[in-house]
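Structure assessment
One letter stands for each residue in the lines below.
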Amino acid sequence: QVQLVESGGGLVQAGGSLRLSCAASNSIFSFNAMRWYRRAPGKQREWVATITRGGTTNYAESVKGRFIISRDNAKNTAYLQMNSLKPEDTAVYYCAAQALPGYEDKYWGQGTQVTVSS
């Protein structure tokens, strides 16, 4: 059973930065893609960013230019570098892994809280 464990969340002032990590129990190179999502209080879960096995990245418009998704296959870890944080970025952040193209994300982490104060 694949496990994903997020870390790196915390409390930061607006304009600050955080780097989230998602450590996998299996080789992340086996995943077709890894993604970050977030769920803000009272809102539905929102997709944030994707990185494919080949390294292609995509971002939600709300974070484009501020967040950077990356992966280190040797460490079996994906990252989300979050810069210029805003209070509206406050949410629980989850990482997920898609095993095969065209399928839903199969593996999910437990989430890490990010709180941005104004």
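Residues numbered from 1 in each chain as written. Predicted model: local features only at pLDDT ≥ 70, side-chain atom pairs only at ≥ 80, totals over all residues. Heavy atoms only, no water.

1. Considering the pattern of salt bridges
Throughout the structure, instances matching the rule amount to 5 salt bridges. A salt bridge links Glu46 to Arg38; the nearest nitrogen and oxygen atoms lie 2.7 Å apart. Judged by its relative accessible area of 5%, Arg38 is buried. Across the salt bridge formed by Arg38 and Asp89, the nearest N and O atoms sit 2.9 Å from each other. With Arg38 in strand β4 (residues 33–39) and Asp89 in the loop between β8 (77–82) and β9 (91–98), the pair connects residues that are 51 residues apart, well separated along the chain. The pair Arg38 / Asp89 is uniform in exposure class, with both members buried. Linked through salt bridges whose partners overlap, the residues forming this network are Arg38, Glu46, Arg66 and Asp89. (Salt bridge = Lys/Arg side-chain N within 4 Å of Asp/Glu carboxyl O. Buried < 20%, exposed > 50% of the residue type's maximum accessible area, 1.4 Å probe, protein only. Helix = DSSP H or I, 4+ residues; strand = E, 2+ residues; numbered from the N terminus.)

Remember, this is a structural readout, not a statement about activity or role.
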